[in-house]
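A closer look at the structure
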Amino acid sequence: MTVAEQYLMGAGSDELDRMLFQGRMFRPEAERLLRRCGPGPDTRAIDVGCGPLGIMDLLSEHVGPGGEVVGIDVQPGMLDLARRLVAERGLTNVRLVEGDAAESGEAPGGFDFVHTRLVLMNVPHSAAVLAAMVALARPGGTVAVQDVDWISRVCDPPHPAWNRLVDAITELWRLNGMDVLLGRRLPRLLREAGLTDIGVDAGIRVFQHDHPYQTLLVDRAELCRDALVERGLIGHDELDGTIGELRAHLADPGTIVVHPTLFQAWGRVPEVNEVTGVSDVSGVSDLPDAADPSDVTEGA
Ligand SMILES: C[S@@+](CC[C@H](N)C(=O)[O-])C[C@H]1O[C@@H](n2cnc3c(N)ncnc32)[C@H](O)[C@@H]1O
């Protein structure tokens with residue numbers, strides 16, 4: 001199986017539309033993250049697993065005409081749409097690269113800001129991707145990760161069909177080497193990857209029957225139907241029945257859905273080589289003021 005095929009959600013047109021919708025929904029969170037620790041003018045940033053847009057438009061604004069943004073994604077379908085959107089928006093400082101996040105081919109230490117959103121939870125080699133991201137950041141540069149944690153994923157009133165699908169998908173992810181509870185571990189993973197000045201924040205969205213994300217869980221279950229059945233986690237008939245029951249429950253104006261918690265964690269690559277005690281930095285620009293350590297602990 002190729003790395004692209006390991007991504008269970010694929011790159012069908014519905015999935016591309018969903019990603020763009022989701023990107024717009026989480027834009028305020030991304031803007032907040034970039035205000036805290038984002039790249040300044042004339043710097044280089046990379047959005048790892050950028051999808052059809054990711055946060056490349058925001059990064060493009062931050063680095064300005066004198067900077068560069070690289071977007072990397074493993075799925076050609078994502079990059080086709082990304083190319084179109086980047087051209088339509090006139091984002092002339094954005095360059096797109098097709099490849100696996102763990103082996104981008106970009107120069108180590110070449111970026112001031114390395115970011116990924118909603119990728120690590122969806123790849124079996126998240127540790128390798130994170131290590132590669134750290135390697136891409138220059139000494140003193142920032143690595144920032146946004147990913148979800150299903151700790152908050154509930155509906156109310158509760159419904160057995162909801163729990164059945166959450167459990168089946170959680171197990172599917174686990175069997176594929178992925179973790180739906182990754183979000184809470186991000187600060188720890190960044191620390192273990194050698195970063196310092198770790199900051200963390202998290203936020204939760206709640207939906208009602210008229211929001212497209214009210215049905216995200218059942219939509220996901222339908223999208224990974226074959227994988228769920230092939231893994232023996234649920235039979236076709238039971239899945240159909242469960243989805244039908246849950247759709248009816250979620251369509252009730254009295255039912256609310258609490259989305260997985262979006263965690264944001266960020267940290268800096270140490271400026272000094274901890275083994276030799278010698279500074280690795282020569283002639284690189286300082287991080288922007290927004291990345292002042294007094295700022296990054298806010299919300300932790
Ligand atoms: C849920 S989408 C998120 C897209 C984007 N980061 C955003 O927040 O809108 C996950 C993206 O990661 C990409 N992806 C999955 N595995 C990857 C890998 N090994 N290397 C690079 N990109 C990968 C997928 O193709 C998809 O575009």
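The text that follows walks through the structure, step by step, so that each part is easy to find. What you are looking at is a predicted structure, and each value in this text was computed from that prediction instead of being measured.

Considerations on the pattern of salt bridges
Side chains bearing opposite charge may pair, as long as their charged atoms lie close to each other. Counted by the stated rule, this structure contains 23 salt bridges. Two residues, R164 and E238, come together in a salt bridge whose shortest N-O distance is 2.7 Å. Placement of R164 in helix α7 (residues 160-175) and of E238 in helix α11 (residues 236-251) is noted, with a sequence separation of 74 residues between them. For R164, a relative accessible area of 26% gives the class partly exposed. For E171, the salt bridge identified is with R174, shortest N-O distance 2.7 Å. On the criterion of helical spacing, the pair formed by E171 and R174 is a turn pair, its members being 3 residues apart in helix α7. By relative accessible area, E171 is classed as partly exposed at 25%. Overlapping salt bridges, with partners in common, bring together R27, E31, D57, E61 and R89 in one network.

Structural notes on the site of the ligand
Lining the immediate environment of the ligand, one finds 20 residues, of which G49, D73, D100, A101 and R117 sit closest. The separation between an oxygen atom of the ligand and a polar side-chain atom of D73 is 2.6 Å. Between the ligand and the protein, one listed contact pairs a nitrogen atom with a backbone N or O atom of A101 at 2.8 Å. Here the residues of the shell around the ligand are counted per class, giving 10 nonpolar, 7 polar and 3 charged.

Concerning the sheet that holds strand β1 (residues 44-48)
Read across the open sheet, the 7 strands follow the order β3-β2-β1-β4-β5-β10-β7; overall the sheet is mixed. Pairing within the sheet leaves two strands with one partner each, and these edge strands are β3 (94-98) and β7 (196-203). Looking at each pair of strands side by side, their axes are set apart by 15° on average, direction ignored. Here 4 bridges tie β1 to strand β4 (residues 111-117), and the two strands are oriented parallel to one another.

Rules behind the numbers
- Residues numbered from 1 in each chain as written.
- Predicted model: local features only at pLDDT ≥ 70, side-chain atom pairs only at ≥ 80, totals over all residues.
- Heavy atoms only, no water.
- Salt bridge = Lys/Arg side-chain N within 4 Å of Asp/Glu carboxyl O.
- Helix = DSSP H or I, 4+ residues; strand = E, 2+ residues; numbered from the N terminus.
- Buried < 20%, exposed > 50% of the residue type's maximum accessible area, 1.4 Å probe, protein only.
- Near = heavy atom within 4 Å.
- Polar contact = N/O pair within 3.5 Å; in protein donor to acceptor, adjacent residues only side chain to side chain.
- Nonpolar A, V, L, I, M, F, W, Y, C, P; charged D, E, K, R; others polar.
- Pairing = 2+ DSSP bridges.
- Axes fitted to C-alpha atoms, helices over the stretch in contact; angles between N-to-C directions.

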